[in-house]
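Residues per chain, in single letters:
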Amino acid sequence: MKNNSEAVKLNNDKQVTNQDSWEPKIVGFLCKWCSYAGADLAGTSRIEYPPNIKIVRVPCSGRVNPLFVLKCLMNGADGVLVSGCHIGDCHYSEGNFYARRRFAVLKRLLEYLGIDPRRFQISWVSASESDKWAKLVKELVEEIKQAGPNKEFNRSEERRVGKECRSRWSPY
């Protein structure tokens, strides 16, 4: 009996260590004029921030389609960040106004769908704000760690069936 309880305890310890070693996967869509330059400055200044974020450089935060965010979450990302120029400083005049409006609606849609709203964030970081970028990424990683792994879209069977259908009926 004692051996059984020790084995159960050992298995529980393994589960805890697996959960502790889990690191979130985050996709970041960054405006090439400001936020990407801020992230680049953080790197060249050797400011440390977690390596959990994979960056996609876009011309403007206003060009990020909300479906990109949903697609990232559906494909296993634990969090998504969209970052652009400060409001009023957009290199394309009004792109970040469109982004702000579009992603405010998306955040409410995610809540409606039952997806933890902490999984999506939008921020404004200029090219000279490398410290702000590093702090933002650290806070985002901690927030996603609190939310835990993304299990809302755990539909591997559906994806497999979808791929079979696509290959059978699509010429591409």
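Here, the structure is the one placed above.
Residues numbered from 1 in each chain as written. Predicted model: local features only at pLDDT ≥ 70, side-chain atom pairs only at ≥ 80, totals over all residues. Heavy atoms only, no water.

A. Highlighting the sheet that holds strand E4 (residues 120–124). Spatial strand order, E2-E1-E3-E4: four strands in an open sheet with parallel pairing. Every interior strand has two partners, whereas the edge strands, strand E2 (53–58) and E4, have only one. In this sheet, neighbouring strand axes are inclined to one another by 20° on average, regardless of whether the strands run parallel or antiparallel. The pairing of strand E1 (residues 26–31) with strand E3 (residues 79–84) spans five bridges and is classified as parallel. Counted as the bridge partner of valine 27 is valine 80 from E3. (Pairing = 2+ DSSP bridges. Helix = DSSP H or I, 4+ residues; strand = E, 2+ residues; numbered from the N terminus. Axes fitted to C-alpha atoms, helices over the stretch in contact; angles between N-to-C directions.)

B. Helix H2 (residues 35–44), seen in detail. Taken residue by residue, H2 has Ser35, Gly38, Ala39 and Ala42 as its buried positions. Relative to the axis of H2, the buried residues are bounded by an arc of 100° and lie together on one face. Buried residues along H2 sit in contact with E1, E2, E3 and helix H5 (130–147). At the exit of H2 stands arginine 46, carrying a positive phi of roughly 60°. (Buried < 20%, exposed > 50% of the residue type's maximum accessible area, 1.4 Å probe, protein only. Arc of directions from axis to C-beta. Contact = heavy atoms within 4.5 Å.)

C. View of the nonpolar core. Counting residues in hydrophobic clusters, the biggest one holds 19 residues, and the most contacted among them are Phe29, Val69, Phe103 and Phe120. Elements supplying a minimum of two residues to this core: E1, helix H3 (66–74), E3, helix H4 (95–112) and E4. Ile53, Leu81, Val137 and Leu140 belong to the second largest nonpolar core, which has 13 residues in total. (Core = buried A, V, L, I, M, F, W, Y, C linked by side-chain atoms within 4.5 Å.)

D. Main features of the pairing of E2. With six bridges connecting them, E1 and E2 associate as parallel partners. Residue leucine 30 lies in a different strand from E2, and its bridge partner there is arginine 57. Handedness of the E1-H2-E2 crossover: right-handed. (Right-handed = clockwise from strand over helix to strand, strands pointing away.)

E. Examining the packing of aromatic side chains more closely. The final tally for this structure, using the stated rule, is three aromatic pairs. Here the aromatic rings of tyrosine 49 and tryptophan 133 are separated by 6.1 Å at their centres, their planes lie at 85°, and the arrangement is edge-to-face. Here tyrosine 49 is found in the loop between H2 and E2, whereas its partner tryptophan 133 is found in helix H5, with 84 residues between them in sequence. The exposure class of tryptophan 133 is buried, given its relative accessible area of 0%. Sitting over the ring of tyrosine 36, arginine 57 keeps its end group 4.9 Å from the ring centre. (Phe/Tyr/Trp six-rings, centres within 6.5 Å; stacked < 30°, edge-to-face > 60°. Lys NZ or Arg CZ within 6 Å of the ring centre and 35° of its normal.)

F. Seen up close, the side chain of asparagine 52. The topology assignment puts asparagine 52 in the loop between H2 and E2. Judged by relative accessible area, which is 9%, asparagine 52 ranks as buried. In this structure asparagine 52 touches Glu23, Pro24, Lys25, Ile26 and Val141, once residues within four positions along its chain are discounted.

G. Structural view of the environment of tyrosine 36. Relative to the assigned elements, tyrosine 36 resides in helix H2. Residue tyrosine 36 is classed as partly exposed on the basis of its relative accessible area of 30%. Counting along the chain gives 89 residues from tyrosine 36 to valine 125, while the straight-line C-alpha distance between them is 8.7 Å. Those residues in contact with tyrosine 36 that lie beyond four places of it in its chain are Leu30, Cys31, Ile55 and Arg57.

H. Geometry of H5. Over its 18 residues, H5 extends 26 Å from the first C-alpha to the last, a length consistent with the 26 Å expected when each residue adds 1.5 Å. Taken together, the buried residues of H5 touch E1, H2, E2, E3 and E4. With its phi angle positive at about 85°, glycine 148 sits one or two positions after the end of H5. (Expected span 1.5 Å × (residues − 1).)

I. Geometry of the side chain of serine 130. Secondary-structure assignment places serine 130 in helix H5. Non-local contacts of serine 130, meaning those with residues more than four positions away in its chain, are made with Gly38, Leu41, Ala42 and Ile47.

Remember, this is a structural readout, not a statement about activity or role.
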